Amino acid sequence: MGKTNPGNYFEDFRIGQEIRHATPRTVTEGDVATYIALYGSRFALPCATSFAQSLGLKQAPIDDLLVFHIVFGKTVPDISLNAIANLGYANCIFGAPVYPGDTLSASSTVIGLRENSNKQSGVVYVRSVGRNQAGEVVLDYVRWVMVRKRDQAAPPPDGDAAKPPAVVPADRLQVPAGLDLARYDFTLAGSKHRWSDYEAGEKIDHADGMTIEEAEHALATRLYQNTARVHFNQHTESQGRFGKRLIYGGHIISLTRALSFNGLANGFKLAAINGGSHVSPAFAGDTVYAWSQVLDRQPIAGRPDVGALRLRSFAAKDHACADFPGKGEDGKYHPAVLLDLDYWVLIPR
Amino acid sequence: MGKTNPGNYFEDFRIGQEIRHATPRTVTEGDVATYIALYGSRFALPCATSFAQSLGLKQAPIDDLLVFHIVFGKTVPDISLNAIANLGYANCIFGAPVYPGDTLSASSTVIGLRENSNKQSGVVYVRSVGRNQAGEVVLDYVRWVMVRKRDQAAPPPDGDAAKPPAVVPADRLQVPAGLDLARYDFTLAGSKHRWSDYEAGEKIDHADGMTIEEAEHALATRLYQNTARVHFNQHTESQGRFGKRLIYGGHIISLTRALSFNGLANGFKLAAINGGSHVSPAFAGDTVYAWSQVLDRQPIAGRPDVGALRLRSFAAKDHACADFPGKGEDGKYHPAVLLDLDYWVLIPR
Amino acid sequence: MGKTNPGNYFEDFRIGQEIRHATPRTVTEGDVATYIALYGSRFALPCATSFAQSLGLKQAPIDDLLVFHIVFGKTVPDISLNAIANLGYANCIFGAPVYPGDTLSASSTVIGLRENSNKQSGVVYVRSVGRNQAGEVVLDYVRWVMVRKRDQAAPPPDGDAAKPPAVVPADRLQVPAGLDLARYDFTLAGSKHRWSDYEAGEKIDHADGMTIEEAEHALATRLYQNTARVHFNQHTESQGRFGKRLIYGGHIISLTRALSFNGLANGFKLAAINGGSHVSPAFAGDTVYAWSQVLDRQPIAGRPDVGALRLRSFAAKDHACADFPGKGEDGKYHPAVLLDLDYWVLIPR
């Protein structure tokens, strides 16, 4: 097994360690088409060069979540190949827009380590950064993962992480350079509703449902070159906890975002992810519905044309969302809930 | 539900109403590859830049049916979200070739409205036009759909449509500007048979069969950003009339066209669709076969190099087409028939 | 059936016959993305333009196996539509790199014919060559196929083929013009192991397993425009020997190559295939694992920076490969083995 990558175990990480992840990836119009085929997303900006150019961009940028998944996928072989659980992510900020032809690479810094009391595993905190070929940051986020120890007797390499902010402050959201919404065409974008039409507390049922097939989530997760074994190997998963392959949580995020077009069509760009809970595992055959609540509405300094909405989107399985299934006052989720995602979008004012 | 698009109901339409549809879409080489993966089409013109250039075009144009599906998909949220049935389409003419990088948008004009006698629904006739970023028409067709009324008591907004021609006259077929077939390579195109080799009445069995999987038709229909719910939502369709998701009729058209290569390889371009009947619904697991009958053979004025064949292609499910299953003299279709499509192709003389 | 291609039967072939195959194919970034979605391959060279440019190439070349499958697919309608069995291939040498935008075409020469003693079929040997739009050879290989006779009484057109070499000599392997590995980044490539780290006889378990869905292999095989009926038609295959669709053997090769990244990440380019046995048929639902043995290690003349490894990779179904299932001393394969492939890769010295 000397040539095979066994992945890192908890005791292999060190605070301050920098890891350059393998396989830089040129993102192309091919990825864009495959992404549309997987989710059917209809937001105008990543779909149409003419629309992007009318807003001052050079061409249609790559969908923000496609960037997220590709960067995230690179980190898996080094960070979470021996993960027991992906515990969370936070402070995820989208930077420079990515265009077809850009090459993405990723690196991570270990910012925290905490052994579990059973000494069989520990929590690894990393800050991961995705960059384009010019070195510009396109994505920056913190993630924490519970990772197995190889050797239970290995000494604990403790060093706790600074807790990331629960919410990315609106003044850290990045508006793409050159973007100007003066010529934003609301009809082409699919909705007349702008920033000021949304109120904190407002709930939006995204109405549609999408059933997931095994081939679909596997195609997606391979597109992102995410190698986490639970998504691909029915031979081992048939003996596992669920008896079947788990769907990559990011697939549910992308489906939720695509469904959210119906009600949030002008939320043209994901600016940040504050955090998310993958409340239940999703499997092939599940039909995913979604709804969102507006949590906050903030201006962007110096930008009379664009504002930010903080949204909380829920995905639910086999349950239409007209009754807004979420988290009860007792802190318990409705049994249909798959995802509880807190994020910022940019929207014309 | 104030932000969610409920779709238009019958009484929301007005004669002469113009609807600009959402989400312009840049069509790319990514779409071309996904389309080939979905249908395996082998017509040389949309597959090979060198072949296209040998005929005087700047590069390989986008497959005509991919253009059709993308334009059609845009109209769904505004026209047929509350449809009970897609009743028909006609007078569908392909205009300027679409090339990778072109951005397509669509608009529709309401040209007819007829309430049903039960007052619960009515038929909406629209003329839909797809254009590229330069405003050139790439597709122009009439469609009629039975749409629910929201309020049975709403007054009938009648206004009958002019009946579209049953067949697009050959002199309205458009040959791409600059096309010259002098260097057309019949070997590379896959067949020696040209315009004069086909006779009206001739029947062609396309021999091969292709089984459809759920993931395949869903990927296709999302690629076209067609949001019709019956194609995607097993949770609701399991309670519906068929207990399963319906396959988008256009998917069967594309499969039929791809299968027709075997026998019609030189029919290099779809020039018009005269009409079509989706005789039976198709479902995942169906194996689609196809056969065609030549209905007519017409020259193109001023073009010694190119002619037109009017074809009637049938798709049949789980039934090889050596016995040419079609429509009997009693007007009844063979039970295997899925599709009965009447169209024009261009072919070298 | 006059217009339908019936395929060639054994007696239709003649020694020395040259066949230009149909449907030239422009390979694009769309194909690259679809290929990654199908196999999740992570070799840096075909994934990243920046990586390719750091090695002196103009951009990321198309994955060698994608080139193989596209060229191979073109030969099917003329060579193997009436095949009973694909018996073998050999002396397969990869030539000029293929880049997005290149158009591939294929031709074959009949180099051998041998009737079977039962007079119902015969073996056809062809040398097939794939070329880009400039006429440069991108692939050159010999294949032999058992093909049905149409008419048992047809006279035998015998003429035996020269036996291809069992192994492509290392001095015939082609290094892409301009390639210079001085700046090869082992971290980005995913492994520190170079040519001199591998020893003949060494076995490498590639660890991961990938389950195949019907939609996935069908999408792949259509992408290659390979029309062999056994892969696509459940209606006929349900009555066939296995009761289900067979997976194209090349799909297993591509999966095996993708899995081999884990242990052979620096084997950046397939240089030649010496031969392969598709030991057992593969079906949807199978989980494919792989392992490799190093057979040989050869320098490349005049190249201090690059060497060649001769590898024998096995794919096994529903059987993790830590015990290296292969071919026993009795010449019998382990029952899990799907593929036994002998090939050369280039790797930094």
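Structure's up top.
Rules behind the numbers
- Residues numbered from 1 in each chain as written.
- Chains lettered and ligands numbered in written order.
- Predicted model: local features only at pLDDT ≥ 70, side-chain atom pairs only at ≥ 80, totals over all residues.
- Heavy atoms only, no water.
- Phe/Tyr/Trp six-rings, centres within 6.5 Å; stacked < 30°, edge-to-face > 60°.
- Buried < 20%, exposed > 50% of the residue type's maximum accessible area, 1.4 Å probe, protein only.
- Helix = DSSP H or I, 4+ residues; strand = E, 2+ residues; numbered from the N terminus.
- Lys NZ or Arg CZ within 6 Å of the ring centre and 35° of its normal.
- Least-squares fit on C-alpha atoms with pLDDT ≥ 70 in both.
- Contact = heavy atoms within 4.5 Å.
- Buried area = accessible area lost by both parts, 1.4 Å probe.
- Polar contact = N/O pair within 3.5 Å; in protein donor to acceptor, adjacent residues only side chain to side chain.
- Nonpolar A, V, L, I, M, F, W, Y, C, P; charged D, E, K, R; others polar.
- Pairing = 2+ DSSP bridges.
- Salt bridge = Lys/Arg side-chain N within 4 Å of Asp/Glu carboxyl O.

A. The arrangement of the packing of aromatic side chains in detail. Summed over the entire model, instances satisfying the criterion amount to 42 aromatic pairs over all chains. Between the aromatic rings of Tyr 184 of chain A and Phe 186 of chain A, the centroid separation amounts to 4.8 Å while the plane-to-plane angle is 65 degrees, which identifies the pairing as edge-to-face. Assessed through its relative accessible area of 8%, Tyr 184 of chain A is described here as buried. Residues Phe 51 of chain C and Tyr 184 of chain C carry aromatic rings whose centres are separated by 5.3 Å and whose planes lie at 80 degrees to one another, so their mutual orientation is edge-to-face. Here Phe 51 of chain C, found in helix H3 (residues 49-54), pairs with Tyr 184 of chain C, found in the loop between strand E6 (137-148) and helix H5 (186-189); they are 133 residues apart in sequence, far enough to count as distant. The ring of Phe 283 of chain A carries Lys 244 of chain A above its face, with NZ or CZ at 4.5 Å from the centroid. The cationic tip of Arg 257 of chain A hangs over the ring face of Phe 43 of chain A; the distance from NZ or CZ to the ring centre is 3.8 Å.

B. Broad picture of the relation of the copies chain B and chain A. For the pair chain B and chain A, the best superposition has an RMSD of 0.0 Å and corresponds to a rotation of 120 degrees with a translation of 0.0 Å parallel to the axis. The transformation just described matches what one would write down for a three-fold rotation axis. Rotation axis and chain B: the residue whose C-alpha lies nearest the axis is Gly 30 of chain B, separated from it by 2.1 Å. Interface residue correspondence from chain B to chain A reaches only 15%, placing this contact among heterologous pairings that use different surfaces.

C. Layout of the interface of chain B and chain A. Listed as interface residues are 34 residues of chain B and, on the opposing side, 45 residues of chain A. Per-residue buried area on chain B facing chain A is highest for Lys 3, Arg 20 and Arg 222 of chain B; these three make up 24% of the total on that side. There are 21 residue pairs in polar contact (both at pLDDT 80 or more) connecting chain B and chain A. Secondary structure elements with two or more residues in the side of chain B that touches chain A: strand E2 (25-26), helix H1 (29-39), helix H6 (214-223) and helix H7 (234-237) of chain B. Here the side of chain B that touches chain A gets six residues from one element, more than from any other, and that element is H6 of chain B. Each residue belonging to the side of chain B that touches chain A can be placed in one class, and the counts come to nine nonpolar, 16 polar and nine charged.

D. Fine view of the pairing of strand E9 (residues 269-278) of chain A. Residue and element names in this part refer to chain A. Most of E9 is tucked away, with eight of its 10 residues classed as buried. Across three bridges, strand E3 (residues 83-94) lies against E9 in antiparallel orientation. Bridged to Cys 92 within E9 is Ile 273. Direction of pairing for E9 relative to strand E12 (residues 337-348): antiparallel, over a ladder of eight bridges. Following the sheet pairing, Lys 269 is matched in E12 by Leu 346.

E. Region of the structure containing unusual backbone geometry. All names here are of chain C. Backbone geometry places Lys 119, a non-glycine residue, at a positive phi of 60 degrees. Along the chain, Lys 119 falls in the loop between strand E4 (103-115) and strand E5 (121-131). We note that Asp 318 has phi near 55 degrees; this positive angle belongs to a residue other than glycine. Looking at the secondary structure, you find Asp 318 in the loop between strand E11 (303-317) and strand E12 (337-348).

F. Expanded view of the environment of Ala 48 of chain A. By the element assignment, Ala 48 of chain A lies in the loop between helix H2 (44-47) and helix H3 (49-54). A sequence separation of 222 residues divides Ala 48 of chain A from Leu 270 of chain A, and the C-alpha atoms of the two residues are 17 Å apart. Discounting residues that sit within four places of it in the chain, Ala 48 of chain A has contacts with Ala 60 of chain A together with Pro 24, Arg 25, Thr 26 and Thr 103 of chain B.

G. Structural context of the interface of chain C and chain A. Counting residues at the interface gives 46 residues for chain C and 34 residues for chain A. Between chain C and chain A, roughly 3200 Å² of surface is buried when both sides are summed, and carbon and sulfur atoms account for 55% of that area. When the buried surface of chain C facing chain A is broken down by residue, Ala 37, Arg 42 and Leu 188 of chain C rank first, second and third, together holding 18% of it. Here chain C and chain A share five salt bridges between them. With a closest N to O distance of 2.6 Å, Asp 185 of chain C and Arg 20 of chain A form a salt bridge. At the junction of chain C and chain A, the tally comes to 21 residue pairs in polar contact (both at pLDDT 80 or more). Counting residues per element, the side of chain C that touches chain A draws most heavily on helix H1 (residues 29-39) of chain C, at eight residues. Class assignment of the residues belonging to the side of chain C that touches chain A gives a composition of 20 nonpolar, 16 polar and 10 charged.

H. Layout of the relation of the copies chain C and chain A. You can overlay chain C on chain A at an RMSD of 0.0 Å; the transform is a turn of 120 degrees with a shift of 0.0 Å along its axis. Comparing contact sets, just 11% of the residues at the interface of chain C also lie at the interface in chain A, consistent with a heterologous contact between different surfaces.

I. Structural view of the pattern of salt bridges. Applying the stated criterion across every chain yields a total of 54 salt bridges over all chains. Of the charged contacts, one joins Asp 31 of chain B and Arg 25 of chain B as a salt bridge, the two residues approaching to 2.8 Å between their closest N and O atoms. For the pair Asp 31 of chain B and Arg 25 of chain B, one class covers both residues: buried. Between Asp 340 of chain C and Arg 312 of chain C there is a salt bridge, with the nearest N and O atoms lying 2.7 Å from each other. Within this pair, whereas Asp 340 of chain C is found in strand E12, its partner Arg 312 of chain C is found in strand E11, the two being separated by 28 residues in sequence.

J. Just the side chain of Lys 3 of chain C, in detail. Note on placement: Lys 3 of chain C falls in the segment before strand E1 (18-20). Given a relative accessible area of 14%, Lys 3 of chain C falls into the buried group. At a separation of 2.9 Å, a polar atom in the side chain of Lys 3 of chain C contacts the main-chain carbonyl oxygen of Asp 197 of chain B. At 2.5 Å, the side chain of Lys 3 of chain C and the side chain of Glu 202 of chain B are in polar contact. Apart from residues no more than four positions distant in its own chain, Lys 3 of chain C is found in contact with His 193, Asp 197, Tyr 198, Glu 202, Ile 204 and Gly 263 of chain B.

K. Representation of the environment of Tyr 333 of chain C within the structure. All names here are of chain C. Tracing the backbone shows Tyr 333 in the loop between E11 and E12. Assessed through its relative accessible area of 22%, Tyr 333 is described here as partly exposed. With 54 residues separating them in the primary sequence, Tyr 333 and Val 279 have C-alpha atoms 7.8 Å apart. Sequence-distant contacts of Tyr 333, that is, excluding residues within four places in its chain, are made with Ser 277, Val 279, Arg 312, Phe 314, Gly 326, Lys 327 and Asp 340.

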